[in-house]
Amino acid sequence: MFRKIMERFIIFAFVIMIGYLGFIIIKQEVYLSQVEEQTIIAEERLNKAKQINEELSREKDNLNKLEYVEKVAREELGMTKSGEVPYISKEKE
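One numbering rule holds for all chains: residues counted from 1, following each sequence as written. In keeping with the predicted nature of the model, local features appear solely for residues at pLDDT of at least 70, side-chain atom pairs appear and are counted solely at 80 or more, and the whole-chain, interface and lining totals rest on all residues. Only hydrogens and water are set aside when side-chain values are computed; all heavy atoms of the structure are taken into account.

S.K.: When you look at the overall build of the protein chain in this model, what are you seeing that I'm missing?
M.R.: Numbering of helices and strands runs from the N terminus; a helix is a DSSP stretch of H or I covering at least four residues, while a strand is a stretch of E covering at least two. Helix and strand counts for the protein chain stand at two helices and zero strands. Throughout, the radius of gyration refers to the C-alpha atoms, and the reference size of a globule is 2.2 Å times the residue count to the power 0.38. Its C-alpha atoms give the protein chain a radius of gyration of 35 Å, clearly above 12 Å, the size a compact globule of 93 residues would have. Seen through its principal axes, the protein chain has C-alpha atoms that stretch 115 × 30 × 10 Å. When burial is assessed residue by residue, the protein chain has 2% of its 93 residues classed as buried. Within the structure as shown, the protein chain displays about 9500 Å² of accessible surface, and the carbon and sulfur contribution to it stands at 62%. For every residue, the accessible area (1.4 Å probe, protein chains only) is compared with the maximum for its type, and the residue is labelled buried under 20%, exposed over 50%, or partly exposed between those bounds. Using a 1.4 Å probe, accessible areas were evaluated by the Shrake-Rupley method; residue-level cover was limited to the displayed protein chains.

S.K.: Just to check I follow, could you spell out a nonpolar patch on the surface for this structure?
M.R.: Patches here are clusters of residues that have more than 30% relative accessible area and form no salt bridge, with a 9 Å joining cutoff for like charges and a 5 Å cutoff for nonpolar side chains (Val, Leu, Ile, Met, Phe, Trp, Tyr). We count a salt bridge whenever a side-chain nitrogen from Lys or Arg sits within 4 Å of a carboxyl oxygen from Asp or Glu. Together, Phe-2, Met-6, Phe-9 and Ile-10 line one region of the surface with nonpolar side chains, adding up to about 460 Å² of accessible area. Within the secondary structure, Met-6 sits in helix α1 (residues 2-63).

S.K.: Looking at this model, I keep getting lost on the pattern of salt bridges. Mind explaining?
M.R.: Oppositely charged side chains are able to pair whenever their charged atoms sit close together. The final tally for this structure, using the stated rule, is one salt bridge. With its nearest N and O atoms 3.6 Å apart, the salt bridge here joins Glu-7 to Arg-3. Here Arg-3 and Glu-7 lie together in helix α1, a separation of four residues that amounts to about one turn.

Structure representation (structure tokens):
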């Protein structure tokens, strides 16, 4: 009788341990899935930041060029050189 109780206890303990280990494995898989999603999001943000950085670097380089500064001044700010008469197109109105 004691042997039968011991066998049941061992089987019960074994089932509990397997269940607990299964729970831990599932929990780890969920955690790894979340980490992978966060990694993908972080990589996308990094790529976007790199692209913006490249655009800003090009803009910075262009700001050191007199031709570019003149072009921006004329097209976006409507500035003219001394002695020039500004021309305003009806299409812009």
